[in-house]
Amino acid sequence: MESCSAVEKELERVVTKFTAIRDHSDKVISDVTTLFDDIKRALEDEKQDESISERHVEILNEALAKTKDKMQRITTEHRDLHGTVSKVGKVIDRNFVSDFTSTARTDALTDDKNLKLLNAIIAQHYYRQGMDAVADSLIKESGLSEEFASKISTNSDFTEIFKIYESILNHDLAPALDWAARHSEQLEAKNSALEFKLHRLAFMQILLRGVGAQTEAIAYARNNFAKFVNRFQKEFQNLMGTLIYLPSGIQNSPYKHLISPEMWAEASYIFLKDACTTLNISKDSPLSVVVNAGCTTLSALLNLKQVMLSRQVLGILCGRDELPIEIDLDPENRYHSTFACPILRQQTSEDNPPMKLTCGHVISRDALNKLSNGPILKCPYCPMEQSTDLAKFIYF
């Protein structure tokens, strides 16, 4: 972010200078044009048979000198602008590093198994986006086995969800309403508002046809909103209030937000989120999650690279299976429970798992080994002494 801010400041400086030069140039050109218009009118007022007087020659020479001086100033300012623009490139080169080799594990892709997994994840991403032809070509050209390919190409649940998601964005609610009706009990168990929001959009679509569709809209409300009245009483009242403004148009009413494009975007997002939750699948493809996490991490790794480079320990970055620093991703990208040892202040791992003591307190295995005195351990949080052999491995 600091790098982006530095470049942004330099760009703002260029834009400010360019705007100032443009305004000054417009004023200068306007002044010169006005000057010559005045001279033209003065010459036209002279009698045709009379020659130009010495005074007029003097005025013309003075006007030409002023014009030449003003044009030279504009040229100088324009030349100075080139120097300011060139500084932007230097700021970009100074703040953004183009060499990312030290932050990547290129050796990971030399393994044939890992390469197949990468191709499979990319193909799965294309399937999830509805680009089946591209995914099929990738599977064929990468040489993935039929069994491997069948596992990633049969994700029919998400394929259906993505098509319905696109249909909502195109204002076609029929597939989404059909899906919501089939999963109505599951959505209600999760206290989801999806089904109501879809029916609300369908109701508003009917009303947009005008006063003549009022009877149809009321019938639709009676058939589909009965089970939502208790949960969405206020929203239902707003929907009924729209009927009053049918003659003048809902777009001119206090309820115009109900027909805004944001309502469709909201419904499509809620459908994608709730549908994936209902079917226990991720709404984001593994490829997009990895790419977003990598972009978030890259800035911190590049800063760390400079420190390690000065201390000549750069190999730590790409010589281990875990990062040397902790990267805080968004909560939605946290998929596993974690436990940090309260004694050593470090996150547990497979090599250093959490251990439950007989008194109920939990510490890491490394902490247990460091605190134990032979086979006896005194809990660091209570006075209870116990045998280290009785500590149990905990799974989160």
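Per an unreviewed UniProt entry, the protein chain goes by Putative e3 ubiquitin ligase and derives from Tabanus bromius.

A.B. asks: I'd love a proper account of the packing of helix H9 (residues 194-207) against helix H10 (residues 214-224), names of residues and values included.
C.D. replies: Where H9 meets H10, the closest approach of the two axes is 9 Å, and the angle between their N-to-C directions is 165°. Between H9 and H10, the crossing angle belongs to the class labelled roughly antiparallel. Pair H9 / H10 crosses with right-handed handedness. Each of His 199, Ala 202, Phe 203, Ile 206 and Leu 207 in H9 lies in contact with H10, whose residues at this interface are Glu 216, Ala 217, Tyr 220, Ala 221 and Asn 224. Class assignment for the residues of the contact of H9 with H10 results in seven nonpolar, two polar and one charged.

A.B. asks: Kindly report on the side chain of Lys 197, identifying the contributing residues and their values.
C.D. replies: Turning to its location among the elements, Lys 197 is positioned in helix H9. On the basis of relative accessibility, which here comes to 17%, the residue Lys 197 falls in the buried class. Apart from the residues within four sequence positions on either side, Lys 197 is in contact with Glu 266 and Ile 270.

A.B. asks: Lay out unusual backbone geometry in plain terms, naming residues and giving numbers.
C.D. replies: Positive phi is not limited to glycine here, since Asn 191 has a value of about 60°. Looking at where Asn 191 falls in the secondary structure, it is placed in the loop between helix H8 (184-189) and H9. Of note, the phi angle at Arg 345 is positive, near 60°, even though the residue is not glycine. Along the chain, Arg 345 turns up in the loop between helix H14 (315-318) and strand S1 (354-356). Arg 345 gets classed as exposed once you look at its relative accessible area, which sits at 71%.

A.B. asks: Requested: an account of the nonpolar core, with residues and values cited.
C.D. replies: Core analysis: the largest hydrophobic core is formed by 41 residues, its most contacted members being Ile 168, Phe 203, Leu 207, Phe 225 and Phe 271. Only helix H6 (156-169), helix H7 (174-182), H9, H10, helix H11 (233-241) and helix H12 (261-278) provide two or more residues apiece to this core. At nine residues, the largest contribution of residues to this core is made by H9. Excluding anything up to four places from it in sequence, Phe 225 contacts Phe 196, His 199, Arg 200, Phe 203, Tyr 220, Phe 236 and Leu 239. Grouped together as the second largest cluster of nonpolar side chains are ten residues, Cys 341, Ala 367, Leu 368 and Cys 379 included.

A.B. asks: Summarise the packing of aromatic side chains; cite the residues concerned and give the values.
C.D. replies: Two numbers describe a pair of aromatic rings. These are the distance of the centres and the angle of the planes. Scanning all chains against the criterion turns up ten aromatic pairs. Seen from their ring centres, Phe 162 and Tyr 165 are 6.1 Å apart, and the 35° between their planes marks the pair as tilted. Taken together, the positions of Phe 162 and Tyr 165, both in helix H6 and three residues apart, correspond to about one turn of that helix. Classification of Phe 162 as buried rests on a relative accessible area of 11%. Residue Tyr 165 is classed as partly exposed on the basis of its relative accessible area, which comes to 22%. On the basis of an interplanar angle of 65° and a centroid distance of 6.0 Å, the ring pair of Tyr 245 and Tyr 255 is categorised as edge-to-face. A residue pair is termed long-range when its members are at least 10 positions apart, and Tyr 245 in the loop between H11 and H12 and Tyr 255 in the loop between H11 and H12 qualify at ten residues. Given a relative accessible area of 28%, Tyr 245 falls into the partly exposed group.

A.B. asks: Please set out a nonpolar patch on the surface residue by residue, giving values where relevant.
C.D. replies: On the surface, Leu 109, Leu 115 and Leu 118 cluster together into a nonpolar patch covering about 230 Å² of accessible area. When you line up the elements, Leu 118 lands in helix H3 (residues 112-128).

A.B. asks: Hey, could you go over the packing of H7 against H9 for me, with residue numbers and the actual values?
C.D. replies: At their nearest, the axes of H7 and H9 sit 10 Å apart, and the two run at 145° to each other. Along this stretch, H7 crosses H9, giving a crossing that reads as left-handed. Residues Ala 176, Leu 177, Trp 179, Ala 180 and Ala 181 of H7 form the contact with H9, whose own contacting residues are Leu 194, Glu 195, Leu 198, His 199 and Ala 202.

Conventions used here
- Residues numbered from 1 in each chain as written.
- Predicted model: local features only at pLDDT ≥ 70, side-chain atom pairs only at ≥ 80, totals over all residues.
- Heavy atoms only, no water.
- Axes fitted to C-alpha atoms, helices over the stretch in contact; angles between N-to-C directions.
- Helix = DSSP H or I, 4+ residues; strand = E, 2+ residues; numbered from the N terminus.
- Parallel < 35°, antiparallel > 145°, perpendicular 65-115°, else oblique.
- Left-handed = near helix turned anticlockwise from the far one by under 90°.
- Contact = heavy atoms within 4.5 Å.
- Nonpolar A, V, L, I, M, F, W, Y, C, P; charged D, E, K, R; others polar.
- Buried < 20%, exposed > 50% of the residue type's maximum accessible area, 1.4 Å probe, protein only.
- Core = buried A, V, L, I, M, F, W, Y, C linked by side-chain atoms within 4.5 Å.
- Phe/Tyr/Trp six-rings, centres within 6.5 Å; stacked < 30°, edge-to-face > 60°.
- Patch = residues over 30% accessible without salt bridge, like charges linked within 9 Å, V, L, I, M, F, W, Y side chains within 5 Å.
- Areas by Shrake-Rupley, 256 points an atom, 1.4 Å probe, with all protein chains shown as cover.
- Salt bridge = Lys/Arg side-chain N within 4 Å of Asp/Glu carboxyl O.

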